[in-house]
Amino acid sequence: SEIEVRRVPRVVVIPTGTELVLAGTKPKPGDIIESNSVMLAAMVDEWGGSAERRQPVPDDLDLLKTAVMDSIKTNDVVVVNAGSSAGSKDFTARLVEDLGSLLVHGVALRPGHPVVLGVIQDKPVLGIPGYSVSAAVTNELFVKPIIERKLGLPHQSRDTTKATITRKVLSPIGEDEYLRVRLGRIGEKMVATPIQRGAGVIMSLVRADGLVLVPRFSEGIDAGD
């Protein structure tokens, strides 16, 4: 007469930055229209979670702490975007350390190096970078597995294919790099062409057909590999 079920995990996305304004607002010089939370929340919903987007919070440590603590009451996972780097207005690592346990600040990954991983009141709190591509990549690598775990699902890997890289790619030796590529078929051969590598070029995610993982210590990929 009774069965155990998994509750849909609730994930809140908190955009931070004094320069952020909402879509539909006419930006002044120096303003940035906040769009990352739309992308991150859509990814969470696609993976089976339930996402909530909060209003942007200015770069103020006390205001950020209040937003995080309010969000923890009704959510299972807190994602702060961004404030995870090392600037004077980047408070995410500090607030996690003040309110709970800071486990990681910085990972050997490109794009997405300045990731913050922590726990507050037994709930995961993640600070992910503000550049759009970095945000998308780190959201998939660090938030998706938490959602899958809470749903009791095995890890859902991306579809893969074999392809030949069309030109030489140099990569930093100490970091895993997720390289965006276009795919095409020439005769019987699938080829992968690298596209823009900038961490803030969100259209590169739109144009990409896939990602190539360049492992750390490999120094890159030769054309024809």
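Overview of the structure. Note that the structure is a prediction, hence the values are computed from the model and not measured. The written sequence of each chain sets the order in which its residues are numbered from 1. The predicted origin of the model limits local features to residues at a pLDDT of at least 70 and limits the giving and counting of side-chain atom pairs to 80 or more, whereas totals for whole chains, interfaces and linings rest on all residues. Just so you know, side-chain values use all the structure's heavy atoms and leave hydrogens and water out.

Only DSSP runs of H or I covering at least 4 residues are called helices, and only runs of E covering at least 2 are called strands; the numbering of each starts at the N terminus. Across its full length, the chain holds five helices and 15 strands. Within these notes, the globule rule equals 2.2 Å times the number of residues to the 0.38 power, and the radius of gyration is based on C-alpha atoms. For the chain, the C-alpha radius of gyration of 19 Å lies close to 17 Å, the compact-globule estimate for 225 residues. Taking the principal axes of its C-alpha atoms as reference, the chain extends roughly 60 × 55 × 35 Å. Burial status follows relative accessibility: with a 1.4 Å probe on protein chains alone, a residue under 20% of its type maximum counts as buried, one over 50% as exposed, and anything between as partly exposed. Here the chain holds 225 residues, and the buried ones make up 42% of them. We call two residues in contact whenever any of their non-hydrogen atoms come within 4.5 Å of each other. Restricting to contacts in the chain with at least 6 residues of sequence separation, those with at least 24 account for 67%.

Attention now goes to the sheet that holds strand β4 (residues 50-53). Strand pairing is assigned whenever DSSP identifies at least 2 bridges connecting the two strands. As summarised here, the arrangement of the six strands in space is β4-β1-β5-β9-β8-β6, forming an open sheet in which the pairing is mixed. Strands with a single pairing partner mark the edges of an open sheet, and in this sheet they are β4 and β6 (101-105). Each adjacent strand pair in this sheet contributes to an overall mean axis angle of 20°, direction not counted. The sheet contact formed by strand β1 (residues 10-15) and β4 spans four bridges and is parallel. Each residue of the ladder has a partner; that of V11, found in β4, is A51. Axis lines are fitted through C-alpha atoms, for helices just across the contact stretch, and the angle between N-to-C directions can take any value from 0 to 180 degrees.

Let's shift gears to unusual backbone geometry. Note the cis peptide between N81 and A82, where omega equals 15°. Among the secondary structure elements, A82 is positioned in the loop between β5 (77-81) and α3 (92-99). The omega torsion of the bond from R110 to P111 falls at -5°, within 30 degrees of zero and hence cis. Following the sequence through the fold, P111 ends up in the loop between β7 (109-110) and β8 (116-120). Positioned with a positive phi, E219 is a non-glycine residue whose angle comes to about 70°. Within the element layout of this structure, E219 appears in the loop between β14 (210-214) and β15 (220-221).

As for its placement among the helices and strands, S204 is situated in helix α5 (residues 202-207). Here V201 takes part through its backbone oxygen, which lies 2.6 Å from a polar atom of the side chain of S204. What qualifies as a polar contact is a pair of N or O atoms within 3.5 Å, subject to a donor-acceptor requirement within protein and to the restriction that residues adjacent in sequence count only when both atoms come from side chains.

Nonpolar side chains tend toward joint burial in soluble globular proteins. Residues L40, L126, V143 and I147 are the most contacted members of the largest nonpolar core, which totals 24 residues. If you list the elements that add at least two residues to this core, you get β1, α1 (36-46), β5 and α4 (132-151). The greatest single-element share of this core, amounting to eight residues, is contributed by α4. Residues contacting L40, with those up to four places away along its chain left out, are V13, N81, I128, A135, A136 and N139. By convention a nonpolar core is built from buried Ala, Val, Leu, Ile, Met, Phe, Trp, Tyr and Cys residues, the set being connected through side-chain atoms within 4.5 Å. Counting residues in hydrophobic clusters, the runner-up holds 17 residues, among them V57, I72, V78 and I120.

The next point concerns the packing of α1 against α4. Following both chains from N to C, one finds α1 and α4 inclined at 30°, their axes separated by 10 Å at the closest point. As summarised for this structure, α1 and α4 are arranged roughly parallel, according to the angle between their axes. Of the two possible hands of crossing, α1 and α4 adopt the one that is right-handed. On α4, the residues that touch N36, M39, L40, M43 and V44 of α1 are S132, A135, A136, N139, E140, V143 and I147. Taken together, the residues of the contact of α1 with α4 break down into eight nonpolar, three polar and one charged. Roughly parallel here means an angle under 35 degrees, roughly antiparallel means over 145, roughly perpendicular means 65 to 115, and every remaining angle is called oblique. When the near helix sits turned anticlockwise from the far one by under a right angle, the crossing is termed left-handed; a clockwise turn instead gives a right-handed crossing. In this count, Pro and Cys sit with the nonpolar residues alongside Ala, Val, Leu, Ile, Met, Phe, Trp and Tyr, while Asp, Glu, Lys and Arg are called charged and the others, Gly among them, polar.

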